[in-house]
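# Coordinate inspection notes
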Amino acid sequence: MSRLPNQPGELINRGKMIRFTFDGQPVEAYEGDTVGSALYAGGRRTFSRSFKYHRRRGLLCCAGQCPNCIVAVDGAPGARACTEPVREGMRVEHLNARPGLDLDVMRATDLVGTKFTPPGFYYKTFIRPRRLWPLYEKVLRHAAGLGVLRRQQPEREWRTEYRRRHADVLVVGGGTAGIGAARAAVAEGEDVVLVDEGPLPLEPIDGVEILARASALGYFDGIVPVWQGDTLHQVRARRHVFATGAIEQPLVFAGNDLPGVMLSGGAVRLAQLYAVSPGTRAVVATTSDRGLDAAAKLVEAGVQIAAVADLREQRTAAARQLAERGIEVLIGHAILEARGGKAVQAAVLGPIGVEGASVERTFDCDLVVVSGGFAPAMSLLLQAGARTRYDAERGCFVLDELPPNVTAVGDVAGEEAGAVAVPPPVAGAGHGKCFACLCEDVTAKDIKLSVEEGYDSIELSKRYTTVTMGPCQGRMCQLPAIRLMAKETGQSLEQVGTTTARPPWVSVPMGVLAGRPFEPAKRSSIHGRHRELGGNIKWAGDWRRPYDYGDPQAEALAVHRVAGLIDVSTLGKLLVRGPDAGEFLDRLYPNRFSDLKPGRIRYGVISSDAGRIVDDGTICRVDDDTFYVTTTSSGAGAVEEWFSWWLADWSMDVRLTDLTQALSAVNLAGPRAREILTELTDLDCSPDAFRYLDGRHAQVAGVPCLILRIGFVGEVGYEIHFAAACGEHVWDALMQAGRDRGIRPFGLEPQRILRLQKMHILVGQDTDSESTPFGAAMPWIVKLDKGGDFIGKWALEHYADAQPATRLVGFTLANGRVPTEGAVIMDARGAPAGQVTSSRFSPVLDRVIGMAWVPSQLARDGSRVTISDAGTTLTAEIQTRPFYDPDGEVLRS
Amino acid sequence: MSFLLTCPNCGVREVTDFGYGGEVSSRPTSRPTLRELGEYNYFRRNRAGVQREWWFHRSGCRAWFIAERDTRTNEVLLTELPVDSSGGGAA
């Protein structure tokens, strides 16, 4: 590990060694090093392989701005080696090179494959023969991208907390200007948050919350998400101050991507902050005094300067001072080419505007220091609505207009002294590739080609060549791309303009944006019992529910033969009360409820104003002014919103109470359900006293309940609703009363078999957003003659007269195979004409049954349809009436 | 999209607290033609400027209210319960 003598501002602690590995090899570093500085000190020059051509890339900016040193740290790709602090035992690996960084077989794309890979090559060169595309695609997909995400879930997991922070002022950037702005705001009594992405801790400022080592990702209508380690702060401020600084620009010349070509700021940082010599003999090319200052600093760090090319025509004081120290300063010269194999070995300089080998001069060197001026880091400001114009004197785009409550200070606002720079010429000649965009390997020639092919605006060229779309987000390439575009189209830079600034401004793992995995699990009050009974618990929407208790077929048969008990607490439950309650429901449902007698129940389907089925459920009129409405489990929230929306609009005398969470419910069903219930209640449950579709208030096992006699599963059934706190008590009492008779708990899966036997639809399973009650074989639910308006009336009036293209029907299968739900129904010509929505084996009927949307002309009993399912075809027979108890005699018994 | 909304019941909250119900439009009061029905169901004015719209305080009091919002800037000029604003026709 070679280091310079102590530097006055060095960040490293030479007293403490840190050890980590790079591609499995041990690396020694000092505390305070970055991964990049430690590897560079150890002699490494190649840090990555480029995106497309797999060319060697080395440290360029040493500031976390460019793509050249992206590595994986402890398995997570995307870290910048040059800013990633070293930690004991960390595991650093290269990306995008096989078998290794120093020998990469994909380098062939650079050496021989360039003519096959122009911009948009995937539309051009890999399209014939067409049948080989699957192979091409596989190879190209394999070659694309940087790094590999871990396959193992624990290694992929990323825990991020969201935090909302409201402030008066948000300052982005902790440099001199940002800190000044924060202090000034605090002095005004404002609540200030300051974000800084630098590696060094900032001095605390009274009254300012400092988010250090944190990045502002973008500007979204006043919210700035700030990523800091495991936290994503969503900062909302009344006023924003951007002190985001300026970014040193590279120069475009042949070989400008060779390892050893470094921005002046990067070379100086390596030497001054980490005491690592960036090279032994350097050539400097600059458009401003920045490069000259860097040359002077490098001399002090012991680097020999072979020559300096100053692109400006005037010799400045800084140039004269360098010359006085014996350094050759070539005024009006540019760098034409960097040469070398694994790293830069020589640089070619020549006078601007003069061509020919006679005027070129070649200097041996192992370091090329470039400075193409500074571009203000305006992306966040532009996202906030700022406008720019081109400043010819400074050679870059500058801020022109700012939105209200947004200010820019410091370098980003052009306040830096001595920023005057000449716009560098754009190279096109020279030997070898001139890169405009290092992230995506876009060359000057590629941009020329895109203009020739008609992509002659910067936004089009961006999409076609992908220039500015890589990890640097345009930091290094936007200005060079605009200059190249101007040159190729003959437009001014002002006319070419900039591309739209978009978030994220820094590379950010998706996991940070996803936030903490947050799945609210809803469990019924009886959930503990389901677990004790060995319930097979799965997700059902937000709910955790037992799909079965081990044997769904036997559970379904128990309901037919004895009795079963299912927890239906997940149903949505709404209480609709008030003098206008009946009329309110008449307006919301296609059928009528104002004429429903107290103590009676009616099925209802909610339709949208487009006549489509939204939800379904049963409505019980409890008394004159009170209706108890149940909805589907998944539709509970949406129906409450839907009801309350119309209520808000209609201003009727109705109160709506959502009892979904407050009440639990169980469905006791089967031939012996009545005698089981009778044991626990004083209510007269005889068939004449408590008829099908009656609703009764009664005590069950001492608990006040609302009992709805309905028949979703096809047997005599009592849906019992009661206070959630009594869930286990009521469940236990019913199970106990039924034990000797052979009652079984049943889960969702047997319930699906049972309801399918009755062709009771599941909204969302058997219907979709196109389904109407007419298509879903429920024309009887639509009472167009009931008088008055209702939601969906006009659309349903239209559909009543029209023949639906497809209808929902039942089908049975002879050969016993259960078709996949979603399998395709074929018409006579073999074209898709419908789909299977539900299918099960019915143990009580001993055959396969299902429901499907089929062409209307086939929707009659006995017709045959062909089901195409995963490569095989099945023939099904249509049935329009329920498979089990078609006349409802069992239900009413 | 990100801005603050003032729920008439609960006060100022982040927009993510709310559900958007779309612009306030007039439900046809007499039988519409199929074309008028289609426009009511599927077409929106999509105004660039101030529009009246429905919002639902989903993570709060679960009340629907009316907001006037400038769609170009997301500046919310007023929020009110529909009883104050004499309705306007949902959906």
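## Topic: the overall build of chain A
- Secondary structure assignment for chain A yields 24 helices and 47 strands.
- The globule rule puts the C-alpha radius of gyration for 893 residues at 29 Å, and the 37 Å found for chain A is more than 25% above it.
- The buried share of chain A, reckoned over its 893 residues, is 49%.
- Within chain A, counting contacts between residues at least 6 apart in sequence, those at least 24 apart form 64% of the total.

## A word on the overall build of chain B
- Of the regular secondary structure elements, chain B holds two helices and six strands.
- When the helices and strands of chain B are read in sequence order from the N terminus, they spell out β-β-β-α-β-β-β-α.
- The 91 residues of chain B split such that 16% are buried.
- Considering only intrachain contacts with a sequence separation of at least 6, the fraction spanning at least 24 residues in chain B is 52%.

## So, the packing of helix α17 (residues 552-561) of chain A against helix α22 (residues 748-757) of chain A
All names here are of chain A.
- For the pair α17 and α22, the least separation of the axes is 8 Å and the interaxial angle reads 55°. Comparing their axes, α22 and α17 come out oblique. Both α17 and α22 take part in a crossing whose hand is right-handed. On the side of α17, the interface is formed by Pro552, Glu555, Ala556 and Val559, while α22 contributes Glu749, Pro750, Ile753 and Leu754.

## Examining the nonpolar core
- By size, the foremost hydrophobic cluster in this structure holds 151 residues, and its most contacted members are Ala282, Ile335, Val368 and Ala436 of chain A.
- With residues near it in sequence (within four places) discarded, Ala436 of chain A still touches Val252, Val442, Thr443, Ala444, Ile447, Val467, Cys477, Pro480, Ala481 and Leu484 of chain A.

## Considerations on the interface of chain A and chain B
- Listed by partner, the interface residues are 17 residues for chain A and 22 residues for chain B.
- If you tally residues by element for the side of chain A that touches chain B, the top one is helix α19 (residues 636-650) of chain A, at six residues.
- Looking at side-chain class alone, the side of chain A that touches chain B contains eight nonpolar, four polar and five charged residues.

## Quick notes on the sheet that holds strand β15 (residues 261-263) of chain A
All names here are of chain A.
- Taking strand neighbours across the sheet as the criterion, the five strands line up as β15-β22-β16-β17-β18 in an open arrangement whose pairing is parallel. Because the sheet does not close on itself, it has two edges, and the strands there are β15 and β18 (329-331). Strand-to-strand twist of the sheet, defined as the mean angle between neighbouring strand axes without regard to direction, takes the value 20°.
- Looking at chain direction, strand β16 (residues 281-286) and strand β22 (residues 367-371) are connected through five bridges and run parallel. Bridged to Ala285 within β22 is Val370.
- Most of the contacts of helix α9 (residues 317-324) go to β18, to which it runs at about 145°, and overall it touches β17 (304-310) and β18.

## Description of the sheet that holds strand β31 (residues 564-567) of chain A
Residue and element names in this part refer to chain A.
- With mixed pairing, the six strands of this open sheet are ordered in space as β38-β39-β40-β37-β31-β41. Edge strands, defined here as strands with exactly one partner in the open sheet, are β38 (695-700) and β41 (744-745).
- Here strand β37 (residues 663-669) pairs with strand β40 (residues 717-723) via seven bridges, running antiparallel. Looking across to β40, one finds that Leu663 is bridged to Ala723.

## Thoughts on the environment of Tyr30 of chain A
Residue and element names in this part refer to chain A.
- Position of Tyr30 relative to the elements: it lies in strand β2 (residues 25-31).
- In this structure Tyr30 comes out as buried when scored by C-beta crowding, with 22 C-beta atoms within 10 Å.
- The spatial distance from the C-alpha of Tyr30 to the C-alpha of Arg87 is 9.8 Å, given a sequence separation of 57 residues.

## Notes on unusual backbone geometry
All names here are of chain A.
- In this structure, the amide linkage connecting Pro503 to the following residue, Pro504, adopts the cis form with an omega of 0°.
- Located in the positive-phi region is Asp221, a residue other than glycine, with phi close to 45°.
- Within the secondary structure, Asp221 sits in the loop between β11 (215-216) and β12 (223-228).
- C-beta crowding within 10 Å serves as the criterion here: with 15 such atoms nearby, Asp221 is assigned to the partly exposed category.
- Even without a glycine there, the phi angle at Asp885 is positive, about 50°.
- Within the secondary structure, Asp885 sits in the loop between β47 (872-879) and α24 (889-892).
- A count of 17 C-beta atoms within 10 Å places Asp885 in the partly exposed class.

## Points about the environment of Gln736 of chain A
Residue and element names in this part refer to chain A.
- Its place among the elements puts Gln736 in helix α21 (residues 727-739).
- You can call Gln736 partly exposed: it has 14 C-beta atoms within 10 Å.
- Measuring from C-alpha to C-alpha, the distance between Gln736 and Ile676 comes to 9.2 Å, with 60 residues separating the pair along the chain.

## Here we look at helix α11 (residues 444-452) of chain A
Residues and elements named next belong to chain A.
- Every buried residue of α11 is listed here: Ala444, Asp446, Ile447, Ser450 and Val451. Looking straight down α11, one finds its buried side chains confined to an arc of 165°; they lie on one side.
- Gly454 occupies a position one or two residues after α11 and carries a positive phi of about 105°.

## Details of the environment of Ser863 of chain A
Residues and elements named next belong to chain A.
- Secondary-structure assignment places Ser863 in the loop between β45 (847-855) and β46 (864-869).
- For Ser863, a count of 17 C-beta atoms within 10 Å puts it in the partly exposed group.
- Each C-alpha atom, one on Ser863 and one on Phe811, is 9.5 Å from the other, the two residues being 52 residues apart in sequence.
- Not counting the four nearest positions on each side in its chain, Ser863 is found in contact with Leu858 and Ile878.

## Some points on the pairing of β16 of chain A
Residue and element names in this part refer to chain A.
- Burial within β16 is extensive, with five of its six residues counted as buried.
- Where β16 meets β17, six bridges bridge the pair, whose relative direction is parallel. From the neighbouring strand, Ala285 faces β17, where its bridge partner is Ala309.
- Each parallel crossover has a hand, and the one from β16 via helix α8 (residues 289-300) to β17 is right-handed.

## Considerations on the packing of helix α20 (residues 673-680) of chain A against α21 of chain A
Residues and elements named next belong to chain A.
- Contact geometry of α20 with α21 gives a least axis separation of 9 Å together with a crossing angle of 120°. Here α20 is positioned oblique relative to α21, judged by the angle of their axes. Considering the relative orientation of α20 and α21, their crossing is right-handed. Along its contact with α20, which presents Ile676, Glu679 and Leu680, the element α21 presents Ala733, Leu734, Ala737 and Gly738.

## Quick look at α8 of chain A
Residues and elements named next belong to chain A.
- For α8, which comprises 12 residues, the first-to-last C-alpha distance of 17 Å matches the rise-based estimate of 16 Å (1.5 Å per residue) to within 8%.
- On the buried face of α8, the contacting elements are α7 (264-274), β16, β17, α9 and β22.
- Downstream of α8 by a residue or two, Gly302 has a phi angle that is positive, lying close to 90°.

## Notes on the pairing of strand β5 (residues 64-70) of chain B
Residue and element names in this part refer to chain B.
- With five of seven residues buried, β5 is to be regarded as a mostly interior element.
- Pairing geometry for strand β4 (residues 50-56) and β5, over seven bridges, is antiparallel. Bridging across to β5, Arg52 finds its partner in Glu68.
- Pairing between β5 and strand β6 (residues 75-80): five bridges, direction antiparallel.

## A closer look at the confidence of the model for chain B
Residue and element names in this part refer to chain B.
- Averaged over all residues, the pLDDT of chain B is 89; the fraction at 70 or higher stands at 91%.
- Within chain B, no element has a lower average pLDDT than helix α2 (residues 82-85), which sits at 66, and none a higher one than β4, at 97.
- Overall, residues 85-91 carries pLDDT values under 50, and its contacts beyond four positions in sequence, including any with other chains, amount to 19 contacts.
- As scored by the predictor, the complex reaches a pTM of 0.78 and an ipTM of 0.94.

Criteria and cut-off values
- Residues numbered from 1 in each chain as written.
- Chains lettered and ligands numbered in written order.
- Predicted model: local features only at pLDDT ≥ 70, side-chain atom pairs only at ≥ 80, totals over all residues.
- Helix = DSSP H or I, 4+ residues; strand = E, 2+ residues; numbered from the N terminus.
- Rg over C-alpha atoms; globule rule 2.2 N^0.38 Å.
- Buried ≥ 20, exposed ≤ 12 C-beta atoms within 10 Å, placed from the backbone.
- Contact = placed C-beta atoms within 7 Å.
- Axes fitted to C-alpha atoms, helices over the stretch in contact; angles between N-to-C directions.
- Parallel < 35°, antiparallel > 145°, perpendicular 65-115°, else oblique.
- Left-handed = near helix turned anticlockwise from the far one by under 90°.
- Core = buried A, V, L, I, M, F, W, Y, C linked by C-beta atoms within 7 Å.
- Nonpolar A, V, L, I, M, F, W, Y, C, P; charged D, E, K, R; others polar.
- Pairing = 2+ DSSP bridges.
- Arc of directions from axis to C-beta.
- Right-handed = clockwise from strand over helix to strand, strands pointing away.
- Expected span 1.5 Å × (residues − 1).
- pLDDT = per-residue confidence, 0-100.

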